[in-house]
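Residues per chain, in single letters:
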Amino acid sequence: MTTTGRRRFRSGTVILGGMGVLAAALAACGSEPDKRCVDPDTYRPLPPEKCDDGSGQGRYYYGGGVRNGKAKGGSFDKSSVKTGGFGGHGSGHGSGGG
């Protein structure tokens, strides 16, 4: 193999790798935080209908996850939850009900 062939291979790899990084960055910027319907007093997950029916039984909780049957690590305030990016999941700080 000639040095010219090696250079082409390397530059092609760099271009393809750079395109993958760009695509991942664009996807992360447009992502919304995860949301789940929870009881605002107990933080226990509820069916989505409880958040959409206007009864006030449930509120959407953004980000975080569910551990031991309760939502944790997120917030009821969507704007306080960071989304995506490199290296993992968004995180926010929980807020009490109300």
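In the block above lies the structure referred to throughout.
Owing to the predicted nature of the structure, the values given are computational and were not obtained by experimental measurement.

### Here we look at the environment of S75
The residue S75 is located in strand β3 (residues 70-75) in this model. For the pair S75 and G63, spaced twelve residues apart in sequence, the C-alpha to C-alpha distance is 6.7 Å. A distance of 2.9 Å separates a polar atom in the side chain of S75 from the backbone nitrogen of D77.

### What about the environment of Y61?
With respect to the helices and strands, Y61 occurs in strand β2 (residues 59-67). Taking the C-alpha atoms as reference, Y61 lies 9.2 Å from D39; in sequence the two are 22 residues apart. Among the polar contacts listed, one links the side chain of Y61 to the backbone nitrogen of G74, at a separation of 2.9 Å.

### Regarding the state of the cysteines
For the structure on display, the rule yields one disulfide. Disulfide pairing places C37 opposite C51 at an S-S distance of 2.0 Å. One disulfide, between C37 and C51, carries an S-S torsion of 100° and so falls in the right-handed class. With a gap of 14 residues between them, C37 in strand β1 (residues 35-38) and C51 in helix α2 (residues 49-52) connect regions that are remote in the sequence. The same class applies to C37 and to C51, which are both buried.

About the thresholds
Residues numbered from 1 in each chain as written. Predicted model: local features only at pLDDT ≥ 70, side-chain atom pairs only at ≥ 80, totals over all residues. Heavy atoms only, no water. Helix = DSSP H or I, 4+ residues; strand = E, 2+ residues; numbered from the N terminus. Polar contact = N/O pair within 3.5 Å; in protein donor to acceptor, adjacent residues only side chain to side chain. Disulfide = S-S within 2.5 Å. Buried < 20%, exposed > 50% of the residue type's maximum accessible area, 1.4 Å probe, protein only.

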